[in-house]
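Letter by letter, the chains look like this.
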Amino acid sequence: MSDPRPSRPATADTIPADIAPGSMVAEVALLAPLPNPLSYAVPEELSAQVHPGVRVQVPLGRRTAIGVVISLHPLQEQKWELKPVSACLDREVAALDPASVAFMQRVSTYYVHPLGLTLKTALPAGLTQQNPPAEKQEISYRPGEAEGEVRGTKQQALLDFIRTQGEARMEDLRASFPQPHAPLKRLEEKGLVKRHVSSTSRDPFAGLDVVPDAAPQLAPEQASAVEAICAQSGENGDFAPFLLHGVTGSGKTEVYLHAIAHVVQHLKQQALVLVPEISLTPQLVKRFRARFEHQEVRIGILHSGMSVAERHDIWREINHNRIDIVIGARSAVFAPLQRLGIVVVDEEHDESYKQGEGLRYHARDIALLRGQMLQIPVVLGSATPALTSFARARDGHMTLLSLTHRAMERPMPVVEVVDLSGIKQPCVLGEKLLGALEQTLEAGEQALLLLNRRGYSPYLICRDCGTTFRCPNCDITLTWYRSQTLLKCNYCDYTEAPSESCPACGGATIEPQGVGTEQLEQTLQEHFPAARIARMDRDSTRTKGSQQRLVDQMESQSVDILVGTQMIAKGHDFSGVTLVGVIDADAALNFPDFRAAERCFSLLAQVAGRAGRGSMPGRVLVQTRSPENPALECALQHDYHAFCRLELPMREMLGYPPYGYLVNMVCSGLNRAEVEKSAEHLCQQLQLHTEVEILGPAPCPLFRLRNRFRVQVLLKAAKRYPLRQVLERLPEFNARLPKQVNLILDVDPLDMM
Ligand code: ADP
Ligand code: ZN
């Protein structure tokens, strides 16, 4: 049967619907890569339930899809007969309140990302499916000989997923694999996995004993910070961004606690606290619980270790207005708090606030946007603010609040440079660091050692011909994991067994080069056989709860030396740590990125801040081959302002943030020539705007990643609006790309590898 009426462009298929004139039309953003929302008619029987922010099921072609209602308007004239909304998925309350819908729209516009996909990122996975997750089944991995018999890529992928997690949740499997049941059953039959119903709650903080505490008397600087923030909250409040700059241990958390107490208990509003990685900051959660929970303030925690079902439950509690304070990582910035009165972004400089794929948002930046839309205070806290944040405060766009010394008059740790430039051989543990470790162990105190490289060594090399072992899919050497006798790619998870002889020259001497955390741990154990040594990096914390266990062991002092990557630098408050060692400060400095110095400064300042937080003073030893590096010098002096004076003029000269705005466009695809040509074309189209400087096309530093070739075009402008004008033409650029080439857009990029 053919339909003579014109079909409506870019919308749901048209079929005659039983919609009376005068009914409503819902604009629905489907959780799919569509550029615009689609219009659907609201049938009579659903009209009471369909509001902005409600999730609905709608027909799309022959399938059904889920979307969020963005707006409603009366059906004007029946030019096209719209398909009707099939069902309303939110019964009692909408998944999003109207203010949150407006917020997501702004986020979508800012990052030039389809609204539906923005919503999909914001909503917890449980709400992007038609049926809410119910049972909490877990699948655990059982090593066995049958592993060699696994057939089929689906089974293999599933097994890999479960193995890396140790124990996976059924919901997560369903979220990651289209149809996991059949392959899972095969694996079960082979005895490689076992299914069981999970009994315990996964909230690592659920069972914690919390001793109620009372708020301490604030120091004068703290008090005036709290006063400034409170003056901007409530009825007479305004959008008030604050930068709370205080050295590590200066009492920033105490400022948050006081300001939040005012907003939540006095003004009866809600608070949102963002932390970089919540599993790393159990102490912060504990302090909030201790301060508030016995006062009938309800705290909701959102973190990455939670199951789909648990996230869903918390989100629903928030929807029902049963939560007063939400503490969570990056994605908690979307939590639909309807009476939000303050947002705190702790460790605002931390780059884990930036999402690296899909909607590449920065939680701190959009927290500011949300605060502006709601006219509430937003407090960014850090000992080492991002230079962009510092510049904003300096230019009067944020109020700077400073805490200039540590609470309780505790001294800052003494930082010493250990100059290794005179030593010819590679040196991991210099004499001075070894001596300091010995002293620390003798005194029964703890040490943290930072080394920002995982595995045993970053590569293997043939001594005869210099061949290194590289990933076949990426432009990178394979990291050597000696404990597992495996070479692994840290980007795409490719693994291979090392060969006995060099594949290029047949030489038999293959040696590890460079040192990673695994080797450091082993070397330490050889030096200090009696010491209890643990390692914290992405490899040792893959299984659930493992990170928490390490933190607990450090707190209970059942570990003497903790070795780790930058994970150990973040926010921990281990009172027994008196020695911090930085194994190789140069690694961070030599990174090919204009932010290398900033990252290095911040990492050193943060890791140094881990020493001497208890009653005993701390000592920090930084090993380097370039002791005269000025960024290093500033870190040693704990002098953030000196670092700014050093670094800002260089940024200004180059027009980099905070003196300019960047957008990175990356073309990628399997065919090198096609990718390069597409990037050329893209550049030619972009040349038109005189206020936008175009850098590139240039191969990305990681030219090939997961088999895809990558070429980038960096846009730079002194102001935002010319960039926005260029970005408005994105659909046009996209349309001209060959099908096999992807264009990724990163607004305010941080990682440009
Ligand atoms: P930051 O968040 O800046 O690292 P914290 O708020 O964690 O600092 O404070 C560091 C330590 O000092 C904590 O143990 C905290 O309880 C304590 N502290 C902070 N402010 C005060 C105060 N006004 N009186 C007493 N102790 C304080
Ligand atoms: Zn790889």
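Structure: see above.
For clarity, every value in this text was computed on a predicted model and none was experimentally measured.

A word on the overall build of the protein chain. Counting its secondary structure elements, the protein chain contains 21 helices and 30 strands. The 753 residues of the protein chain split such that 54% are buried. Residue pairs in contact within the protein chain that sit at least 24 positions apart in sequence constitute 75% of those at least 6 positions apart. Carbon together with sulfur atoms contributes 51% to the accessible area of the protein chain, which is approximately 33,500 Å² in total.

What follows covers the sheet that holds strand 21 (residues 495–496). The antiparallel open sheet is built from three strands, whose spatial order is 19-20-21. Where the open sheet ends on each side, the last strands, each with one partner, are strand 19 (479–481) and strand 21. Sheet topology note: the strand 19/strand 20 (residues 486–488) ladder contains three bridges and is antiparallel. Bridge pairing in strand 20 links Tyr 481 to Leu 486.

A separate point is the pairing of strand 17 (residues 446–450). Judged by how many residues are buried, strand 17 sits mostly within the fold: five of five residues are covered. Burial along strand 17 is two-sided: Gln 446, Leu 448 and Leu 450 and Ala 447 and Leu 449, pointing in opposite directions, are all buried. Alignment of strand 17 against strand 25 (residues 577–582), held across five bridges, turns out to be parallel. Bridge assignment links Ala 447 to a residue of strand 25, and that residue is Leu 579. Note: strand 17 against strand 24 (residues 561–564), four bridges, orientation parallel. What sits directly across from Ala 447, in strand 24, is Ile 561.

With that out of the way, let us pick up the site of ligand 1. Neighbouring residues of ligand 1: 16 residues in total, closest Gln 217, Gln 222, Gly 249, Thr 253 and Arg 287. The backbone of Gln 217 places a nitrogen or oxygen atom 2.8 Å from a nitrogen atom of ligand 1. Glu 254 places a polar main-chain atom, nitrogen or oxygen, 3.3 Å from an oxygen atom of ligand 1. With the chains in place, 79% of the 550 Å² that ligand 1 exposes on its own is no longer accessible. Residue contributions to the shell around ligand 1 peak at three residues, all from helix 7 (residues 252–266). Class assignment for the residues of the shell around ligand 1 results in six nonpolar, six polar and four charged.

Okay, the coordination of the zinc ion (ligand 2) next. For the zinc ion (ligand 2), the protein coordination sphere consists of Cys 471 (SG), Cys 474 (SG), Cys 489 (SG) and Cys 492 (SG), at 2.3 to 2.4 Å. Coordination geometry of the zinc ion (ligand 2): the four donor atoms subtend angles of 105 to 112° at the metal centre, consistent with an arrangement described as tetrahedral. For the zinc ion (ligand 2), the donor residues sit on a single chain with the sequence spacing C-x2-C-x14-C-x2-C. Judged by relative accessible area, Cys 474 falls into the buried class, the value being 1%.

Pairing is antiparallel across the open sheet formed by five strands, whose spatial order is 2-1-4-3-5. Strands at the two margins of the open sheet, each flanked by one partner only, are strand 2 (38–41) and strand 5 (87–88).

Another aspect to go through is the pattern of salt bridges. The full count for this structure, using the stated rule, is 32 salt bridges. One salt bridge in this structure joins Arg 289 and Glu 293, with 3.2 Å as the shortest N-O distance. In this structure Glu 293 comes out as partly exposed when scored by relative accessible area, which is 34%. In the salt-bridge network here, residues are joined through shared partners; they are Asp 213, Glu 254, Arg 287 and Arg 291.

Once that is clear, we can look at helix 5 (residues 181–189). All of the buried residues in helix 5 are Pro 183, Leu 184 and Leu 187. Each buried residue of helix 5 lies within a common arc of 100° when the element is viewed along its axis, so the set occupies one face. A positive backbone phi angle near 80° is found at Gly 191, which sits one or two residues after helix 5.

Let us now look at the side chain of Glu 445. Position of Glu 445 relative to the elements: it lies in the loop between helix 12 (431–442) and strand 17. No salt bridge is formed by the buried Glu 445, whose closest oppositely charged neighbour, Arg 619, lies at an N-O distance of 9.4 Å. Ignoring sequence-local partners within four residues, the contact set of Glu 445 consists of Thr 440, Asp 560, Gly 576, Thr 578 and Met 616.

With that settled, consider the packing of aromatic side chains. Following the criterion strictly, the structure yields 10 aromatic pairs and no others. Judged by centre distance (6.1 Å) and plane angle (35°), the ring pair of Phe 288 and Phe 292 falls under tilted. Of the two residues, Phe 288 and Phe 292 both sit in helix 8 (residues 282–292), four residues apart, roughly one turn of that helix. Between Phe 594 and Tyr 656, the aromatic rings sit 4.2 Å apart at their centres with planes inclined by 5°, giving stacked as the arrangement. A residue pair is termed long-range when its members are at least 10 positions apart, and Phe 594 in the loop between helix 15 (585–589) and helix 16 (596–608) and Tyr 656 in the loop between helix 18 (640–654) and strand 27 (661–669) qualify at 62 residues. Overall, the relative accessible area of 17% leaves Tyr 656 in the buried class. What links up through ring pairs into an aromatic cluster is the set Phe 390, Phe 601, Tyr 640 and Phe 643. The ring of Tyr 481 is capped by Lys 488, whose NZ or CZ atom sits 4.5 Å from the centre of that ring.

The rules we used
Residues numbered from 1 in each chain as written. Chains lettered and ligands numbered in written order. Predicted model: local features only at pLDDT ≥ 70, side-chain atom pairs only at ≥ 80, totals over all residues. Heavy atoms only, no water. Helix = DSSP H or I, 4+ residues; strand = E, 2+ residues; numbered from the N terminus. Buried < 20%, exposed > 50% of the residue type's maximum accessible area, 1.4 Å probe, protein only. Contact = heavy atoms within 4.5 Å. Areas by Shrake-Rupley, 256 points an atom, 1.4 Å probe, with all protein chains shown as cover. Pairing = 2+ DSSP bridges. Near = heavy atom within 4 Å. Polar contact = N/O pair within 3.5 Å; in protein donor to acceptor, adjacent residues only side chain to side chain. Nonpolar A, V, L, I, M, F, W, Y, C, P; charged D, E, K, R; others polar. Donors = N, O, S within 2.8 Å, 3.2 Å for Na, K, Ca; no water. Tetrahedral: all angles 85-135°; square planar, octahedral: opposite > 155°, others 65-115°. Salt bridge = Lys/Arg side-chain N within 4 Å of Asp/Glu carboxyl O. Arc of directions from axis to C-beta. Lys, Arg positive; Asp, Glu negative; His and termini not counted. Phe/Tyr/Trp six-rings, centres within 6.5 Å; stacked < 30°, edge-to-face > 60°. Lys NZ or Arg CZ within 6 Å of the ring centre and 35° of its normal.

Don't take any of this as a statement about function, it's just geometry.
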